[in-house]
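# Descriptive structure summary
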Amino acid sequence: MSATRRLQDDRGNVLGTGSEDASLAADMALWRMVTGQGCPLADLRAAAEHDPNWALPALMQAGHLLMNGSASQHTQALQGLAEAPLVRALTHAPAREQAHAQALQRLAEGHAGAACRVWDRLLVEQPCDLLALYWAQRCDLHRGEPTQ
């Protein structure tokens, strides 16, 4: 992947990858997450294989585990957020992906309200970020605030 070449998703969000295959796999994972049609983890693994330096697939996996997983998967998500490859990838990631990382870290630490505020700010800046919308809604529902 070229360091300067970046793709956009179908909604116009800048991605931290130049790999079409990685982008397509992550988009399929997002579709699975939003529709509930199948498990997104295989698609996220494929996206990471196509571009191991792209942070978003690891973030999406951590978010999926945090919001849908058991206690052991919550621990796995926490470990994933702290792994060196993800931390390195985030240093070169677009601001949008860095914001997702910040929100997920807050969520993992038990601060769901703070996580939702990060996603809410991100949606003001990038209203077509389907991942931020999905996670903000899930977070609000989990907190018992469906009208947010």
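Predicted model, so just to flag it, every value in this text is computed and none were measured.

Rules behind the numbers
Residues numbered from 1 in each chain as written. Predicted model: local features only at pLDDT ≥ 70, side-chain atom pairs only at ≥ 80, totals over all residues. Heavy atoms only, no water. Helix = DSSP H or I, 4+ residues; strand = E, 2+ residues; numbered from the N terminus. Rg over C-alpha atoms; globule rule 2.2 N^0.38 Å. Buried < 20%, exposed > 50% of the residue type's maximum accessible area, 1.4 Å probe, protein only. Contact = heavy atoms within 4.5 Å. Areas by Shrake-Rupley, 256 points an atom, 1.4 Å probe, with all protein chains shown as cover. Lys, Arg positive; Asp, Glu negative; His and termini not counted. Charge placed at Lys NZ, Arg CZ, Asp CG, Glu CD. Phe/Tyr/Trp six-rings, centres within 6.5 Å; stacked < 30°, edge-to-face > 60°. Core = buried A, V, L, I, M, F, W, Y, C linked by side-chain atoms within 4.5 Å. Axes fitted to C-alpha atoms, helices over the stretch in contact; angles between N-to-C directions. Parallel < 35°, antiparallel > 145°, perpendicular 65-115°, else oblique. Left-handed = near helix turned anticlockwise from the far one by under 90°. Expected span 1.5 Å × (residues − 1). Nonpolar A, V, L, I, M, F, W, Y, C, P; charged D, E, K, R; others polar.

### Re the overall build of the chain
For the chain, the count of helices and strands is eight helices and zero strands. Start at the N end of the chain and walk to the C end: the helices and strands fall as α-α-α-α-α-α-α-α. Taken against the 2.2 N^0.38 rule, which gives 15 Å for 148 residues, the C-alpha radius of gyration of the chain at 14 Å falls within 12% of a compact globule. Over its C-alpha atoms, taken along the principal directions, the chain stretches across nearly 45 × 35 × 30 Å. Sorting the 148 residues of the chain into buried and exposed places 45% on the buried side. The long-range share in the chain, meaning contacts at least 24 apart out of those at least 6 apart in sequence, stands at 52%. Carbon and sulfur atoms provide 51% of the accessible area of the chain, an area that totals close to 7,800 Å². Charge centroids of the chain, computed over 12 positive and 16 negative side chains, lie 4 Å from each other.

### Some remarks on the packing of aromatic side chains
Taken as a whole, this structure holds one aromatic pair when the rule is applied. Taking the centre distance of 5.5 Å and the plane angle of 45 degrees together, the rings of Trp-119 and Trp-135 count as tilted. With Trp-119 in helix α7 (residues 112-125) and Trp-135 in helix α8 (residues 130-142), this pair connects stretches of sequence that are 16 residues apart. Take Trp-119: its relative accessible area is 0%, and that puts it in the buried class.

### Brief notes about the environment of Leu-59
By the secondary structure assignment, Leu-59 is in helix α3 (residues 56-68). Using a relative accessible area of 0% as the deciding quantity, one classes Leu-59 as buried. The spatial distance from the C-alpha of Leu-59 to the C-alpha of Ala-77 is 8.8 Å, given a sequence separation of 18 residues. Look past the residues within four positions of Leu-59 in its chain and what remains in contact with it is Leu-81, Leu-86, Leu-90, Glu-97, His-100, Ala-101, Leu-104 and Trp-135.

### Considerations on the nonpolar core
Among the nonpolar cores identified, the biggest contains 45 residues, and Leu-59, Met-60, Leu-81, Leu-107, Trp-119 and Trp-135 are the most heavily contacted of them. Looking at this core, the elements with two or more residues in it are α1 (20-35), α2 (41-50), α3, α4 (71-82), α5 (84-91), α6 (95-108), α7 and α8. When neighbours within four sequence positions are excluded, Leu-107 is seen to be in contact with Leu-66, Met-67, Ala-112, Ala-115, Trp-119 and Cys-139.

### Things to note about the packing of α3 against α8
Running from N to C, α3 and α8 point in directions that differ by 20 degrees, and their axes come no closer than 11 Å. Regarding the angle of α3 to α8, the classification is roughly parallel. Helix-helix and strand crossings are classified by hand; for α3 and α8 the assignment is left-handed. Here Leu-56, Leu-59, Met-60, Gly-63, His-64, Met-67 and Asn-68 of α3 come into contact with α8, specifically with Leu-131, Trp-135 and Arg-138.

### Observations concerning α6
Helix length check: α6 (14 residues) gives 20 Å between terminal C-alpha atoms against 20 Å at 1.5 Å per residue, within 8%. Looking at the buried positions of α6, the neighbouring elements they touch are α3, α4, α5, α7 and α8. Among the residues trailing α6, Gly-110 stands out with phi positive, at a value near 90 degrees.

### With respect to the packing of α2 against α3
For the pair α2 and α3, the least separation of the axes is 9 Å and the interaxial angle reads 160 degrees. Between α2 and α3, the angle falls in the class roughly antiparallel. As for the relative orientation of α2 and α3, their crossing is left-handed in sense. Seen from α2, the contacting residues are Leu-41, Leu-44, Ala-47 and Ala-48; seen from α3, they are Pro-57, Met-60, Gln-61, His-64 and Leu-65. Classifying every residue of the contact of α2 with α3 gives seven nonpolar, two polar and no charged.

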